[in-house]
Amino acid sequence: TTHPRHAPPGLCKRHSRLMSSAEERPEASDADPSTSEAEAAAGQADAQDAGADNGKAAKGKDVKGKADNGKGAKGASKGKDKPPQRPAVFCKVDALRPDSAGVHVTVKVLAAKVVVDRARPDGSQHRIAESVVGDDSGVIVFTARGKQVDQLKEGAALHLRNAKVDMFKGSMRLVVDKWGVVEKAEGDDAKLKVNEDNNLSAIHYELVAVNGR
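Just so it is clear, the model here is predicted, and its values are computed rather than measured.

With that settled, the discussion passes to the pairing of strand S1 (residues 101-119). Here six bridges tie S1 to strand S4 (residues 157-168), and the two strands are oriented antiparallel to one another. The residue bridging Ala101 from the neighbouring strand is Lys164, located in S4. Between the end of S1 and the start of strand S2 (residues 125-135), which pair antiparallel, lie five residues, with Gly123 showing a positive phi angle near 100 degrees.

In structure tokens, the structure reads:
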């Protein structure tokens, strides 16, 4: 049976109402408010750290992906076939002119003579030889330097690659500088018949002014 509640003797009505409202209120949590705030702050910090880690991981994957793509593109460019080199076109001795350069000729050595043979200050040997070389179209003086002198054997057939013509006292001299190659010719190239009647180095050239220049 429910009985009406009466305030204890000696309490006024205001105090009685306060007690009734306190009893009807739910029990407050025993936790310290400052502790709850710290836990919330810690949770927020953990969430931020997790987001930062995820961002770094995504960025790392992106950088790695770009690097892998770069390596793949580089490998693909290396894998492309290079265009085939065109075979060298050889010309005849009688086709040489005072301004000839970058030419390839096959010649036979008729005679050779060392004109300079002395030691340099650094101990190396400075050697220059002049030889008469030619093919079935004519002959020309070939000036050899350094190791080229060793290949000037009488009767030897040589490929002179990337050769050029230098002028010496108005006559042509065939030379091969550091950009060219002197190599031994073999097979059918070594079976050369030389036309000694057409000596290009015996022709004297003069520089003539054109239009007043």
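Next comes the rest of the write-up.
Turning to the side chain of Lys108, a few remarks are in order. Within the secondary structure, Lys108 is located in strand S1. For Lys108, which is buried and forms no salt bridge, the nearest opposite charge comes from Glu196, at a distance of 9.7 Å. There is a polar contact of 2.9 Å between the side chain of Lys108 and the backbone oxygen of Leu192.

Further remarks concern the pattern of salt bridges. Here the structure, examined in full by the defined rule, presents five salt bridges. The residue Asp150 makes a salt bridge to Arg127 at a minimum N-O spacing of 2.9 Å. Taken together, the residues span a long stretch of sequence, with Asp150 in the loop between strand S3 (138-145) and S4 and Arg127 in strand S2 at a distance of 23 residues. Between Glu183 and Arg161 there is a salt bridge whose closest N-O contact spans 2.5 Å. Here Arg161 lies in strand S4 and Glu183 lies in strand S6 (residues 181-184), a separation of 22 residues in the sequence.

Further remarks concern the nonpolar core. Core analysis: the biggest nonpolar cluster contains 22 residues, and Leu96, Ile140, Phe142, Leu152, Leu160 and Leu174 have the highest contact counts within it. Taken together, the elements giving at least two residues each to this core come down to S1, S2, S3, S4 and strand S5 (171-175). Those residues within four positions of Leu152 in sequence are excluded, and the remaining contacts are Val109, Ala112, Ala129, Ser131, Phe142, Ala144 and Leu158.

Turning next to unusual backbone geometry. Despite not being glycine, Asn162 shows a phi value in the positive range, around 55 degrees. Residue position: Asn162 is located in strand S4. Its identity is not glycine, yet Lys169 carries a phi of approximately 55 degrees, on the positive side. Its place among the elements puts Lys169 in the loop between S4 and S5.

Criteria and thresholds
Residues numbered from 1 in each chain as written. Predicted model: local features only at pLDDT ≥ 70, side-chain atom pairs only at ≥ 80, totals over all residues. Heavy atoms only, no water. Pairing = 2+ DSSP bridges. Helix = DSSP H or I, 4+ residues; strand = E, 2+ residues; numbered from the N terminus. Buried < 20%, exposed > 50% of the residue type's maximum accessible area, 1.4 Å probe, protein only. Lys, Arg positive; Asp, Glu negative; His and termini not counted. Salt bridge = Lys/Arg side-chain N within 4 Å of Asp/Glu carboxyl O. Polar contact = N/O pair within 3.5 Å; in protein donor to acceptor, adjacent residues only side chain to side chain. Core = buried A, V, L, I, M, F, W, Y, C linked by side-chain atoms within 4.5 Å. Contact = heavy atoms within 4.5 Å.

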